[in-house]
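# Observations on the model geometry
Residues per chain are reported as follows:
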Amino acid sequence: MTNYFRRQLALYVEYHRDPWNCAAHVLGIVTLFLAAILPLTLWPITRFGDHVTVATLMVLPVLAYWLVLDPAVGLAILGAAVLLLST
């Protein structure tokens, strides 16, 4: 884990110790992600016979950010994103 990520995480944890706040964040972040990405899965882009959606293109920078920030967490998010985007 990088030092920058540790500092950010420490600040986040300090402000979010309440269990209700944590539960709201888990549900809220997943809901916001799905609300933003699901409609974009209906917008296909086909180039040179390959099919990709706008959702995939929008998720790539976020996945790269998490992989650089913390490779272990990034890989977990990458796995979840692959599963969600392929369904």
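Below: a short report on this structure. Remember, predicted model here, so these are calculated numbers, not experimental data.

## Structural notes on the pairing of strand 2 (residues 50-53)
With four bridges connecting them, strand 1 (residues 44-47) and strand 2 associate as antiparallel partners. Bridging from a neighbouring strand, threonine 46 pairs with histidine 51 of strand 2. Count of turn residues in the strand 1/strand 2 antiparallel hairpin: two residues, of which phenylalanine 48 carries a positive phi of about 55 degrees.

## Looking at a nonpolar patch on the surface
Together, Leu9, Tyr12, Val13 and Ile29 give the surface a local cluster of nonpolar side chains, amounting to about 330 Å² of exposed area. Ranked by residues supplied to the nonpolar patch, first place goes to helix 1 (residues 3-15) with three residues. Mapped onto the elements, leucine 9 comes out in helix 1. On the accessibility criterion, leucine 9 (33% relative accessible area) is partly exposed.

## Section: the packing of aromatic side chains
Where two aromatic rings form a pair, the distance of their centres and the angle of their planes describe that pair. For the structure shown, the criterion picks out two aromatic pairs. Here the aromatic rings of phenylalanine 5 and tryptophan 66 are separated by 5.8 Å at their centres, their planes lie at 80 degrees, and the arrangement is edge-to-face. Separated by 61 residues along the polypeptide, phenylalanine 5 in helix 1 and tryptophan 66 in helix 3 (residues 54-69) bring together distant segments of the chain. Residue tryptophan 66 is classed as partly exposed on the basis of its relative accessible area, which comes to 24%. Centre to centre, the rings of tyrosine 65 and tryptophan 66 are 6.1 Å apart; their planes meet at 75 degrees, and the pair counts as edge-to-face. Using a relative accessible area of 44% as the deciding quantity, one classes tyrosine 65 as partly exposed.

Reading the values: rules and limits
- Residues numbered from 1 in each chain as written.
- Predicted model: local features only at pLDDT ≥ 70, side-chain atom pairs only at ≥ 80, totals over all residues.
- Heavy atoms only, no water.
- Pairing = 2+ DSSP bridges.
- Helix = DSSP H or I, 4+ residues; strand = E, 2+ residues; numbered from the N terminus.
- Patch = residues over 30% accessible without salt bridge, like charges linked within 9 Å, V, L, I, M, F, W, Y side chains within 5 Å.
- Areas by Shrake-Rupley, 256 points an atom, 1.4 Å probe, with all protein chains shown as cover.
- Salt bridge = Lys/Arg side-chain N within 4 Å of Asp/Glu carboxyl O.
- Buried < 20%, exposed > 50% of the residue type's maximum accessible area, 1.4 Å probe, protein only.
- Phe/Tyr/Trp six-rings, centres within 6.5 Å; stacked < 30°, edge-to-face > 60°.

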